[in-house]
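Examining the three-dimensional arrangement
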Amino acid sequence: MRIMKRIRLDISRAALTVVALVALTACGRGGGQFTMRGAVLATEDLETADWPRLAHEMGINTLGTHITPDQVLRFWQSERGRRFERDCRRYGILVEHELHAMSALLPRSLFSLDSTMFRMDEHGRRTADFNCCASSARALDTIASRAKWYAQRLPATNHRYYFWLDDGAPVCHCPDCAELTPSEQALMIENRMLDSIRTSDPRAMLAHLAYYSSLEAPRHVTPREGIFLEFAPFQRRLDRPLTDSLAEVAGIGCNARNLEYLRQNLEVFPVETAVVLDYWLDVSMASGWKKPAVELPWRGDVFRADLATYAAQGIRNVTSFAVYMDSAYFAAYPDKTCLREYGQALSQFRRP
Ligand SMILES: [Zn+2]
C-alpha cells in the first residue's frame, strides 16, 4: 500500500514537473511581450522632449542615448541629463548608450605617436581617417581602457554597452588584418573592450553591431561570453515587411536578404541576448538626416509583421531609432499614434 502510495506520489510529482516544464517552455518561447521594448534618441531629442514620461506612457521600457561618447557625456553631466537619469529611474525605464565610438576611443591625435595603431588603406598607407588596426595590441589596449573610462561615466542600467566602430567606415587592410572581414575585425576589438569594461562592471555585456559592412557573421573570430548580437538592418525598405524578397534597396539588396544575415549571425551569437535595432520610428532616416524633420511615414502593419518575423527567429529584445523626435517634431506633428502602436505591439505581443 505504502509502495503504491509512493509510486502515485512520484507519478504526480513527475506530472507536476512536466506541467511546470511545459509552462516554462511556453513562457520562454512564446506568449509574452518582448523583454526590451526600446527607443534610441539623440541628445538633442532628449534635451528638448520629455522622453522618460513619454516612454512610460507608451509602454517603452528602455531608452538609448546616441550619437558619440562625448556628446552623450556632455548631456549626461548637464542638469538636463541628470534630470533624465532621475526620471528614467522613477519610471523604471532602463538606460543604455548606443555610440559611434571608435574615433573617441582611439584619438586621432595619436597618429603622430604611433601610426601602426591606425588602419592601413587599400594602397598600403596608414591613415587616421577611420577606425583602427585591429591587429595592433597597442591600439586595442588604448581602445579598451578608454571604453572602460566612458563606461564608468556613462553606466548602462541594463548593463548593455555599445561602442560601435565608425559609422559604415572602412576597416584595416594591413597584412595581419587583410584576411579578416569587417565583422571579424570588429569582434576582435569588442572582445578586448568587454574584458576591460568588466573590470569595473562585472555584469557588463557588449554589443557586436551587425550593420552595413559588418552584416556578415564572423567565422574566424569567436565572441567572448557576454558579447551580444545587435542586428541593424539599415539596408531595408520600411514600407514593406522584412520578409519581402522583392523590396529592393537601390540595387544593393532586398529586405529578405537581411533575414539571411540575421540567421547567419544567430549561428554565432546567442539568441537570448540578441537585440534588433530597426528603423521603424527613425524620423532622421525619413528626413534624409536633415532638419526640418518630415512626419514619420508610420506603417503599423509592416512593424507588426516584422515583430512576428523577429519573434519567429527567437528574438526577445527590440529597439528602434527614433532620432529627430524632439520638441520641434512633436510641436509640428503632435499625433503620437506611431509611438502608441509601437509600445502596445511590443508589450502585448502574443506568439502563435
Ligand atoms: Zn591592421
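The rules behind the values
Residues numbered from 1 in each chain as written. Predicted model: local features only at pLDDT ≥ 70, side-chain atom pairs only at ≥ 80, totals over all residues. Heavy atoms only, no water. Helix = DSSP H or I, 4+ residues; strand = E, 2+ residues; numbered from the N terminus. Rg over C-alpha atoms; globule rule 2.2 N^0.38 Å. Buried < 20%, exposed > 50% of the residue type's maximum accessible area, 1.4 Å probe, protein only. Pairing = 2+ DSSP bridges. Axes fitted to C-alpha atoms, helices over the stretch in contact; angles between N-to-C directions. Contact = heavy atoms within 4.5 Å. 1 Å grid on protein atoms, 1.4 Å probe; cavity = no way out; pocket = protein on both sides within 12 Å on 5 of 7 lines; lining within 4 Å. Points joined across faces, edges and corners; volume = space filled by probe spheres on them. Nonpolar A, V, L, I, M, F, W, Y, C, P; charged D, E, K, R; others polar. Core = buried A, V, L, I, M, F, W, Y, C linked by side-chain atoms within 4.5 Å. Donors = N, O, S within 2.8 Å, 3.2 Å for Na, K, Ca; no water. Tetrahedral: all angles 85-135°; square planar, octahedral: opposite > 155°, others 65-115°. Expected span 1.5 Å × (residues − 1). Polar contact = N/O pair within 3.5 Å; in protein donor to acceptor, adjacent residues only side chain to side chain. Salt bridge = Lys/Arg side-chain N within 4 Å of Asp/Glu carboxyl O.

Within the chain, the secondary structure is distributed over 13 helices and 12 strands. Taken over C-alpha atoms, the radius of gyration comes to 22 Å for the chain, in line with the 20 Å a tight globule of 352 residues would show. For the C-alpha atoms alone, the extent of the chain along its principal axes is close to 85 × 55 × 45 Å. The buried share of the chain, taken over its 352 residues, is 52%.

On the basis of which strands lie adjacent, the closed barrel formed by eight strands has the order 1-2-3-6-7-8-11-12 and parallel pairing. Taking the axes of each pair of neighbouring strands and ignoring which way they run, one obtains an average angle of 25° across the sheet. In the sheet, strand 8 (residues 227-232) pairs with strand 11 (residues 275-278) via two bridges, with the strands oriented parallel. Note that in strand 11 the partner of glutamate 230 across the bridge is valine 275. In this fold helix 4 (residues 69-76) packs onto strand 2 (62-66) and strand 3 (94-100), with an angle of close to 145° to the strand it touches most, strand 3. Sitting on the sheet, helix 8 (residues 182-197) is in contact with strand 6 (160-164), strand 7 (205-211) and strand 8, with an inclination near 165° to strand 7.

Let's shift gears to empty space enclosed by the protein. The gaps of empty space that remain are located by a probe, the size of a water molecule, rolled over the atoms. Summed over the entire model, instances satisfying the criterion amount to three cavities of 30 Å³ or more. Roughly 150 Å³ of internal volume is contained in the largest cavity. Taken together, 14 residues line the largest cavity, and the ones lying closest to its centre are Leu165, Asp166, Tyr211, Ser213 and Ser214. Broken down by secondary-structure element, the contributors of at least two residues to the lining of the largest cavity are helix 8 and strand 7. Of the residues in the lining of the largest cavity, the class split is eight nonpolar, three polar and three charged. Elements with a contribution of two residues or more to the lining of the second largest cavity: strand 3, helix 7 (137-153) and strand 6. The biggest single contributor to the lining of the second largest cavity is strand 6, with four residues.

With that out of the way, let us pick up the nonpolar core. Counting residues in hydrophobic clusters, the biggest one holds 109 residues, and the most contacted among them are Trp51, Leu63, Phe163, Met325 and Leu339. Contacts of methionine 325, omitting those with residues within four sequence positions, involve Leu41, Asp45, Ala49, Trp51, Leu281, Val283, Leu296, Phe330, Cys338 and Leu339.

Attention shifts here to the coordination of the zinc ion. Binding of the zinc ion to the protein goes through Cys133 (SG), Cys172 (SG), Cys174 (SG) and Cys177 (SG), at separations of 2.3 to 2.4 Å. Angles of 103 to 114° at the metal separate the four donor atoms of the zinc ion, which places the site in the tetrahedral class.

On to helix 11 (residues 300-312), then. With 13 residues, helix 11 ought to run about 18 Å at 1.5 Å a step, and its terminal C-alpha atoms sit 18 Å apart, in line with that. Along helix 11, the residues that are buried comprise Gly300, Val302, Phe303, Asp306, Leu307, Thr309, Tyr310 and Ala311. Tucked inside the fold, the buried residues of helix 11 contact helix 9 (255-266), strand 11, strand 12 (317-321) and helix 13 (337-347). Of the residues trailing helix 11, glycine 314 is marked for its positive phi of about 95°.

So, on to the side chain of serine 183. Position of serine 183 relative to the elements: it lies in helix 8. One polar contact links the side chain of serine 183 to the main-chain carbonyl oxygen of glutamate 216, over a distance of 2.7 Å. Excluding residues within four positions of it along the chain, serine 183 makes contact with His208, Ser214, Glu216, Ala217 and Pro218.

Here we come to the layout of surface pockets. Space inside the largest pocket adds up to approximately 380 Å³. Taken together, 23 residues form the lining of the largest pocket, with His66, Ile67, Ser284, Trp289 and Val323 sitting closest to its centre. Of all the secondary structure elements, the ones that give two or more residues to the lining of the largest pocket are helix 2 (43-48) and strand 7. Looking at which element gives the most residues to the lining of the largest pocket, the answer is helix 2, with three residues. Looking at side-chain class alone, the lining of the largest pocket contains 13 nonpolar, five polar and five charged residues.

The subject of this paragraph is the pattern of salt bridges. Applying the stated rule across the entire model yields 22 salt bridges. Residue aspartate 121 pairs with arginine 125 through a salt bridge whose shortest N-O separation is 3.9 Å. A relative accessible area of 12% means that aspartate 121 is categorised as buried. Each of Glu44, Lys291 and Asp326 takes part in one network of salt bridges that share partners.

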